[in-house]
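Listed below are the residues making up each chain.
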Amino acid sequence: MKKVAVLTSGGDAPGMNAAIRAVVRTGIYRNMLVYGVNHGFEGLIAGQFTKMSLGSVADIIHRGGTVLKTSRSRTFMTDNGCQKAFENLHSKGIENLVVIGGNGSIKGAYEFSKSGINTVAIPATIDNDIVYTRSIGFDTAINTALEAINRIRDTATSHGRIFIIEVMGRDCGEIALSAGVAGGAESILIPEIEPDLHQVIEKIEMGIERGKLHSIIIVAEGVYPVMELRDFIQEHTGHETRVSILGHMQRGGMPTAVDRILASCMGKAAIDYIADGGSNVMLSGYDIKVRPIPLQEVIHGSKTLELDLFEIARILAR
Ligand code: F6P
């Protein structure tokens, strides 16, 4: 009987639970013994394994967060940490590991695969910054951000105010760009493009000239200090400007159908791949068609943002 362990690692993302469920249920379907590891790589080092059954993943497909819990483990990145994790798996006869997480976790998975444990990664992060794939959690996060933008738009139009909305995304503008286009933002500031503050002012003034007093500016975290941006806008336009930082609310909540379906397909594919004797890959896909890519290729690749969307936003926001 093949044995496989599954863990979630790094920042949680909506849809992780659907992926865990798919791994556990497909594993059992394919006659494997499946273990859940608590608290990500930390739990691997501490030996926190639980044997999973069909019932252990009942009633979780619709829940945000991760029932296995997660961590950003520094210890795992050390030789000792990695060695301890290997010993824990080895002593239980577990030769396969499924890691559900973002870029940091995939790097961890790649390093760990060198120890001899067959490691399969499933991309999950709201940032959508993993190369060759859509990430589980991104669709939910942009819809959450969009809902917030819609609500802020109501009050912005009522008061004729300018709003700066900061969204998450670490070093990547995917959330800002997608939520900004879908939310009809006047300006979108992302890390991939040098911010042009004078263009932001121009856009606001164009609106004011035709009688539109409100404006929505979406800023990806870290691109520009939002309080300074507020002062700059108020100074240059004389218009009341408010700031709203969405923060971690973008990480929680019920996953969308898109994220649940992607997670289900990837979770199943991970187990099918292991069952067929495959090793050391990340599952990649944008919908139900999922394919394996060698971990080595993934960690050496880098994602490029679809800048056509930026051009669309620039033309439409008037
Ligand atoms: O990677 C997901 C993410 O939410 C990023 O968008 C953000 O920069 C980071 O995690 C926040 O990390 P933490 O949960 O450690 O505050």
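(A) Region of interest: the sheet that holds strand β9 (residues 241–245). Read across the open sheet, the 4 strands follow the order β7-β8-β6-β9; overall the sheet is parallel. Two strands in the sheet have a free side with no partner beyond their single neighbour: β7 (187–189) and β9. Each strand axis lies, on average, 20 degrees off the axis of its neighbour in the sheet, ignoring direction. In terms of strand pairing, β7 meets strand β8 (residues 215–220) through 3 bridges, oriented parallel. Paired with Ile188 across the two strands is Ile218, which belongs to β8. Packing of helix α7 (residues 197–209) onto the sheet brings it into contact with β6 (162–167), β7 and β8, and relative to β7 it is tilted by some 160 degrees.

(B) Up close: the side chain of Glu166. Relative to the assigned elements, Glu166 resides in strand β6. Nearest to the buried, unbridged Glu166 among oppositely charged side chains is Arg251, at 12 Å. Those residues in contact with Glu166 that lie beyond four places of it in its chain are Val219, Glu221, Val226, Ser244, Ile245, Leu246 and Gly247.

(C) Looking closely at a negative patch on the surface. Together, Glu194, Asp196, Glu202, Glu205 and Glu209 give the surface a local cluster of negative charge. On the secondary structure map, Glu194 appears in the loop between β7 and α7.

(D) Region of interest: the side chain of Thr125. Residue position: Thr125 is located in the loop between β5 (118–123) and α5 (138–159). The exposure class assigned to Thr125 is buried, which follows from its relative accessible area of 10%. In this structure the side chain of Thr125 is engaged in a polar contact, spanning 3.0 Å, whose partner is the backbone nitrogen of Asp127. If near-sequence neighbours (up to four positions away) are discounted, Thr125 is found in contact with Ala13, Gly102, Ile130, Ser135, Ile136, Gly137 and Phe138.

(E) Just the domain arrangement of the chain, in detail. Domain boundaries in the chain define domain 1 (3–137 + 255–299) and domain 2 (140–252). Taking only C-alpha atoms, the centre of domain 1 and the centre of domain 2 are 35 Å apart. Roughly 1000 Å² of surface becomes buried between domain 1 and domain 2 when both sides are summed, with 48% attributable to carbon and sulfur atoms. Broken down residue by residue, the surface that domain 1 buries against domain 2 is led by Asp12, Ile126 and Asp127, which jointly contribute 46%. At the surface where domain 1 touches domain 2, the tally comes to 2 salt bridges. Taken together, domain 1 and domain 2 are joined by 6 residue pairs in polar contact (both at pLDDT 80 or more). The class makeup of the residues in the side of domain 1 that touches domain 2 is 4 nonpolar, 4 polar and 5 charged.

(F) Spotlight on the environment of Lys114. Structurally, the position occupied by Lys114 is in the loop between α4 (103–113) and β5. Take Lys114: its relative accessible area is 54%, and that puts it in the exposed class. Remark: the alpha-carbon pair of Lys114 and Lys3, spanning 111 residues in sequence, is separated by 18 Å.

(G) Structural detail: the packing of aromatic side chains. As enumerated under the stated definition, the model contains 2 aromatic pairs in all. Look at Phe41 and Phe76: their rings are 3.9 Å apart centre to centre, the planes differ by 5 degrees, and that puts the pair in the stacked class. Taken together, the residues span a long stretch of sequence, with Phe41 in helix α2 (residues 40–46) and Phe76 in the loop between β3 (49–51) and α3 (79–91) at a distance of 35 residues. Judged by its relative accessible area of 3%, Phe41 falls in the buried class. Taken together, a centroid distance of 5.4 Å and an interplanar angle of 55 degrees make the contact between Phe76 and Phe112 tilted. With a gap of 36 residues between them, Phe76 in the loop between β3 and α3 and Phe112 in helix α4 connect regions that are remote in the sequence. There is no split in this pair, since Phe76 and Phe112 are both buried.

Cut-off values and rules
Residues numbered from 1 in each chain as written. Predicted model: local features only at pLDDT ≥ 70, side-chain atom pairs only at ≥ 80, totals over all residues. Heavy atoms only, no water. Pairing = 2+ DSSP bridges. Helix = DSSP H or I, 4+ residues; strand = E, 2+ residues; numbered from the N terminus. Axes fitted to C-alpha atoms, helices over the stretch in contact; angles between N-to-C directions. Contact = heavy atoms within 4.5 Å. Buried < 20%, exposed > 50% of the residue type's maximum accessible area, 1.4 Å probe, protein only. Lys, Arg positive; Asp, Glu negative; His and termini not counted. Salt bridge = Lys/Arg side-chain N within 4 Å of Asp/Glu carboxyl O. Patch = residues over 30% accessible without salt bridge, like charges linked within 9 Å, V, L, I, M, F, W, Y side chains within 5 Å. Areas by Shrake-Rupley, 256 points an atom, 1.4 Å probe, with all protein chains shown as cover. Charge placed at Lys NZ, Arg CZ, Asp CG, Glu CD. Polar contact = N/O pair within 3.5 Å; in protein donor to acceptor, adjacent residues only side chain to side chain. Domains from an automatic or database assignment. Buried area = accessible area lost by both parts, 1.4 Å probe. Nonpolar A, V, L, I, M, F, W, Y, C, P; charged D, E, K, R; others polar. Phe/Tyr/Trp six-rings, centres within 6.5 Å; stacked < 30°, edge-to-face > 60°.

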